[in-house]
Amino acid sequence: LSNNRVLFFILIAGLLARFFLIIFFQNHQPLFYDADSHEYMALAENMRLGHGFSWDSVEPYRPNSFRTPVYPIFILLARYLFGYYEAALIIQAILIFLSGYVVYLIGLECFKNKKIVLLSVGIFLFMPFSLNISVKFLTQTLFMFMLILAVWSWIKFLKSLFVDKHGQNKNYFLLTSFLLPILALTRPIAQYIPIVFLLSLA
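Caption draft 1: Expanded view of the packing of aromatic side chains. Summed over the entire model, instances satisfying the criterion amount to 13 aromatic pairs. Their ring planes at 40° and their centres at 6.2 Å tell us that Trp 154 and Phe 173 sit as a pair that is tilted. Remark: Phe 173 occurs in helix H8 (residues 170–184) and Trp 154 occurs in helix H7 (residues 140–160); sequence separation between them is 19 residues. The rings of Trp 154, Phe 157, Phe 173 and Phe 197 are connected pair by pair, giving a single aromatic cluster. The ring of Tyr 85 carries the charged tip of Arg 79 above its face, separated from the ring centre by 5.7 Å. The residue whose ring lies beneath Arg 187 is Phe 143, and the NZ or CZ to ring-centre distance is 5.8 Å.

Caption draft 2: Geometry of the pattern of salt bridges. On inspection of all chains with the given rule, the structure shows six salt bridges. Glu 109 is paired through a salt bridge with Lys 156; the nearest N and O atoms lie 3.2 Å apart. Of this pair, Glu 109 sits in helix H4 (residues 87–110) while Lys 156 sits in helix H7; the two residues are 47 residues apart in sequence, bridging distant segments of the chain. According to the relative accessible area criterion, Glu 109 is partly exposed, its value standing at 23%. Judged by its relative accessible area of 23%, Lys 156 falls in the partly exposed class.

Caption draft 3: Local environment of the side chain of Ser 130. Tracing the sequence through the fold places Ser 130 in helix H6 (residues 128–133). Judged by relative accessible area, which is 2%, Ser 130 ranks as buried. Among residues more than four places away in sequence, those in contact with Ser 130 are Arg 18, Ile 96, Phe 124 and Leu 125.

Caption draft 4: Geometry of unusual backbone geometry. Cis geometry is found at the peptide bond from Glu 59 to Pro 60, where omega equals 15°. Looking at where Pro 60 falls in the secondary structure, it is placed in the loop between helix H2 (35–48) and helix H3 (70–82). For Tyr 61, which is not a glycine, the phi torsion comes out positive at approximately 55°. Turning to its location among the elements, Tyr 61 is positioned in the loop between H2 and H3. Judged by its relative accessible area of 18%, Tyr 61 is buried.

Caption draft 5: A look at the packing of H7 against H8. Running from N to C, H7 and H8 point in directions that differ by 150°, and their axes come no closer than 8 Å. The angle between H7 and H8 falls in the class roughly antiparallel. Crossing of H7 over H8 shows left-handed handedness. Together, Phe 143, Met 146, Leu 147, Leu 149, Ala 150, Trp 152, Ser 153, Trp 154, Lys 156, Phe 157 and Ser 160 of H7 and Tyr 172, Phe 173, Leu 175, Thr 176, Leu 179, Leu 180, Ile 182 and Leu 183 of H8 make up the contact between the two elements. Looking at side-chain class alone, the contact of H7 with H8 contains 15 nonpolar, three polar and one charged residues.

Caption draft 6: Up close: the side chain of Arg 18. Along the chain, Arg 18 turns up in helix H1 (residues 3–24). Within the structure, Arg 18 has its side chain in polar contact with the side chain of Ser 130 (distance 2.8 Å). Among all residues touching Arg 18, those that are not within four sequence positions of it are Ala 93, Ile 96, Leu 125, Ser 130, Leu 131, Ser 134 and Val 135.

Caption draft 7: Representation of the packing of H2 against H3 in the model. H3 packs onto H2 with a crossing angle of 60° between their chain directions and a minimal axis gap of 8 Å. With respect to each other, H2 and H3 are oriented oblique. Pair H2 / H3 crosses with right-handed handedness. Contacts between H2 and H3 involve Tyr 40, Met 41, Leu 43, Ala 44, Met 47 and Arg 48 on the former and, on the latter, Tyr 71, Pro 72, Ile 73, Ile 75, Leu 76 and Arg 79.

Reading guide: rules and limits
Residues numbered from 1 in each chain as written. Predicted model: local features only at pLDDT ≥ 70, side-chain atom pairs only at ≥ 80, totals over all residues. Heavy atoms only, no water. Phe/Tyr/Trp six-rings, centres within 6.5 Å; stacked < 30°, edge-to-face > 60°. Helix = DSSP H or I, 4+ residues; strand = E, 2+ residues; numbered from the N terminus. Lys NZ or Arg CZ within 6 Å of the ring centre and 35° of its normal. Salt bridge = Lys/Arg side-chain N within 4 Å of Asp/Glu carboxyl O. Buried < 20%, exposed > 50% of the residue type's maximum accessible area, 1.4 Å probe, protein only. Contact = heavy atoms within 4.5 Å. Axes fitted to C-alpha atoms, helices over the stretch in contact; angles between N-to-C directions. Parallel < 35°, antiparallel > 145°, perpendicular 65-115°, else oblique. Left-handed = near helix turned anticlockwise from the far one by under 90°. Nonpolar A, V, L, I, M, F, W, Y, C, P; charged D, E, K, R; others polar. Polar contact = N/O pair within 3.5 Å; in protein donor to acceptor, adjacent residues only side chain to side chain.

Right under this line is the structure:
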């Protein structure tokens with residue numbers, strides 16, 4: 001089989017595995033929730049009902065500053081577009097599929113051996129933590145997709161930095177610059193990630 005076909009099969013298998021978990025265990029709520037999940041859901045539901053960014057279940061619905069806003073807004077948009085919060089899990093499965101493809105693109109930029117790259121994609125998609133976390137109402141899947149995309153665009157920017165005579169590499173720079181602040185609004189730890197990106201310029 002060609003590398004492209006192997007990649008296609010790995011990505012589709014990873015996507016279908018997550019669809020299977022979502023559908024087969026749809027009545028087993030502990031698979032989709034943990035303590036943090038309930039807090040994100042409460043924030044999204046209160047925003048939907050016009051109670052502001054609060055996880056309180058009763059008035060006066062005090063504003064909450066412990067959780068960052070991007071993921072609650074993400075699941076709220078899923079609810080608004082498709083009518084139910086569980087649609088966010090389907091979107092997360094698709095984001096993992098896309099993340100796997102971007103991992104492959106990063107591998108092509110860094111390694112000559114495509115078998116190693118394909119193996120990396122397979123490990124990324126099928127390690128137990130990846131399977132488990134991608135079907136939960138948690139920030140990790142959305143965060144990971146944006147981080148992987150930012151890493152790819154930054155690598156493209158760095159590789160073209162000294163050979164691009166037409167300034168086209170600025171698009172990669174702008175994409176990275178757009179994603180990094182959103183990452184910090186998804187998981188607070190991301191506020192330190194730009195330091196790593198800037199150090200790579202050395």
